[in-house]
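# Examination of the molecular architecture
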Amino acid sequence: MPIAELLDERRHLLDVAYWMLGSGREAEGVVAETYRRWYELSDAVRARISVPRSWLAKVAGGICLDRLALPGRWEGDGRTGGQSVAGVVGPGGVLEGDTGAVWLEVLDSLSPAERAAFVLDDVFGMASGAVAGVVGQSEAEAAELAERARSSLRARRSLPAAQWRHDATVRAVQEACATQDAALLASLLAPDATAFFDGGGKVRALIRPVHGGEQVAHSLLTLLARHPRTTLHTHSVNGRTGLVVRYDGQVVAVISLDIAGHHAVQVWVTLNPDKLRPWNQPDPAAGR
């Protein structure tokens, strides 16, 4: 393997472990153990693994989950070894500064299985079967764990806006996106807004969350500018008004927003074709 690919693979594993554990020192240990297990396999077994990067990420996730479940882990400041999150910078630069500290503290509120499901699904877009394998549950149960984690994070982040204000803010976001008005879009996002892009490893998508109102605005406008025949409409998403993106009539993204006051504080962009399949099913009523 070329050295550049090897370094990229190692950075990816460090990112996964850091998000899971919140400790750079522990992340390094997890990656070392992951590679030890890889090289313990025989050449024949390794040759049968079609996507080594996925195998390594799954093993690293499993090691992290085992460490999260260790008795006494959450004593003291909440981290093994007493390492404070405020002074930690992710090995791959995933989380930095105050924003990283806040997110790691919020993730600490989740159960180990919820944290694993959320990090592997929403942050790194791991395939649903692989996530289920790491947490030791069925795909449906793993999806439920990730959804519970999202709900918990939303509840801790802010109280939801009234329905009328939520709808008005989403419509304003739609207008800003449709007109490619970066300044207007940024003004509708909280300064510390975060966007998650779930490509499921099957479409090109940002694998790391985007932090900051201006940065989130730029990432959304870049996504919508990829295709000249893009349409963006409001639609009910998970019980609240969201946005549906279509290219040539095909749904390619579903966007849900968490609104607090007049601003979007979290943006969830689903790009995974498997999760979008129900959105592209023909309407049975259309043929009547």
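This text goes with the structure placed above it.
Residues numbered from 1 in each chain as written. Predicted model: local features only at pLDDT ≥ 70, side-chain atom pairs only at ≥ 80, totals over all residues. Heavy atoms only, no water.

### Let's talk about helix 2 (residues 24-40)
The cut-off we apply is this: A helix here means a DSSP run of H or I that spans at least four residues, while a strand means a run of E at least two residues long, and both kinds are numbered starting from the N terminus. Given the number of residues in a helix, its expected span is that number minus one, multiplied by 1.5 Å. Think of it in three bands: with a 1.4 Å probe and only protein chains considered, a residue is buried below 20% of the maximum accessible area for its type, exposed above 50%, and partly exposed in between. Whenever a nitrogen or oxygen atom comes within 3.5 Å of another N or O atom, the pair is scored as a polar contact, on the condition that within protein one atom can donate a hydrogen and the other can accept it, and that pairs from neighbouring residues in sequence are kept only if both atoms are in side chains.
Taking 1.5 Å per residue, 17 residues should reach 24 Å; helix 2 reaches 25 Å between its end C-alpha atoms and fits that length. Taken together, the buried positions of helix 2 are occupied by G24, E26, A27, V30, V31, E33, T34, Y35 and W38. Of the residues flanking the start of helix 2, the one acting as N-cap is S23, its side-chain oxygen 3.4 Å from the backbone nitrogen of R25.

### Let's talk about the pattern of salt bridges
Quick note on the threshold: One speaks of a salt bridge when a side-chain nitrogen belonging to Lys or Arg is within 4 Å of a carboxyl oxygen belonging to Asp or Glu.
For the structure shown, the criterion picks out 12 salt bridges. For D274, the salt bridge goes to R277, with nearest N and O atoms at 2.9 Å. When its relative accessible area of 47% is taken as the criterion, R277 is described as partly exposed. Linked through salt bridges whose partners overlap, the residues forming this network are D121, E147, R150, D198 and K275.

### A look at the nonpolar core
Condition: In this text, buried Ala, Val, Leu, Ile, Met, Phe, Trp, Tyr and Cys residues form a nonpolar core when linked through side-chain atoms within 4.5 Å. Residues count as neighbours in contact if any of their non-hydrogen atoms are within 4.5 Å of one another.
The biggest cluster of nonpolar side chains holds 45 residues, and the ones touching the most others in it are L13, M20, V30 and F118. When residues no more than four places from it in sequence are discounted, the contact partners of V30 are A17, L21, A60, I63, C64 and R67. With 33 residues, the next largest nonpolar core counts L243, V245, L257 and V265 among its residues.

### Quick notes on the environment of A182
On the secondary structure map, A182 appears in helix 10 (residues 182-187). Assessed through its relative accessible area of 40%, A182 is described here as partly exposed. Sequence-wise, A182 and L221 are 39 residues apart; in three dimensions their C-alpha atoms are separated by 7.4 Å. Setting aside residues up to four positions removed in sequence, A182 forms contacts with A217 and L221.

### A word on unusual backbone geometry
Positive phi values are uncommon outside glycine, yet N238 reaches one of about 55 degrees. Residue position: N238 is located in the loop between strand 3 (230-237) and strand 4 (240-247). In this structure, D248 takes a positive phi of about 50 degrees despite not being glycine. Secondary-structure assignment places D248 in the loop between strand 4 and strand 5 (250-260).

### Some details on the sheet that holds strand 5
Quick note on the threshold: Pairing between strands is defined by DSSP: at least two bridges between the two strands are required. The axes used here are C-alpha line fits, helices contributing only the stretch in contact, and every angle between their N-to-C directions lies in the interval 0 to 180 degrees.
The strand order 2-1-6-5-4-3 describes an open sheet built from 6 strands, whose pairing is mixed. If you trace the sheet from one side to the other, it starts and ends with strand 2 (210-211) and strand 3, each paired once. Pairing geometry for strand 1 (residues 189-198) and strand 2, over 2 bridges, is antiparallel. Bridge pairing links T194 to H211 in strand 2. Helix 6 (residues 112-123) rests against strand 1 and strand 6 (263-270) of the sheet, and its axis sits at about 85 degrees to strand 1. Sheet contacts for helix 11 (residues 213-224): strand 1, strand 2, strand 3, strand 4, strand 5 and strand 6; angle to strand 1, the most-contacted strand, approximately 40 degrees.

### Digging into the packing of aromatic side chains
Our working definition: Side-chain rings of Phe, Tyr and Trp (the six-membered ring for Trp) are treated as a pair once their centres are within 6.5 Å; stacked means planes under 30 degrees apart, edge-to-face means over 60, and tilted covers the remaining angles.
As enumerated under the stated definition, the model contains 4 aromatic pairs in all. Summarising the aromatic geometry, the rings of F118 and F196 are spaced 5.6 Å apart at their centres and angled 70 degrees between planes, so their arrangement reads as edge-to-face. Within this pair, whereas F118 is found in helix 6, its partner F196 is found in strand 1, the two being separated by 78 residues in sequence. Here F118 falls in the buried class, since its relative accessible area comes to 0%. On the accessibility criterion, F196 (2% relative accessible area) is buried.

### Focus: the pairing of strand 4
Most of strand 4 is tucked away, with 6 of its 8 residues classed as buried. Across 8 bridges, the pairing between strand 3 and strand 4 is antiparallel. By the bridge assignment for strand 4, S236 is matched with T241. Counted along the chain from strand 3 to the antiparallel partner strand 4, the turn is 2 residues long, and its residue N238 has a positive phi close to 55 degrees. What sits between strand 4 and strand 5 in their antiparallel hairpin is a turn of 2 residues, with D248 showing a positive phi close to 50 degrees.

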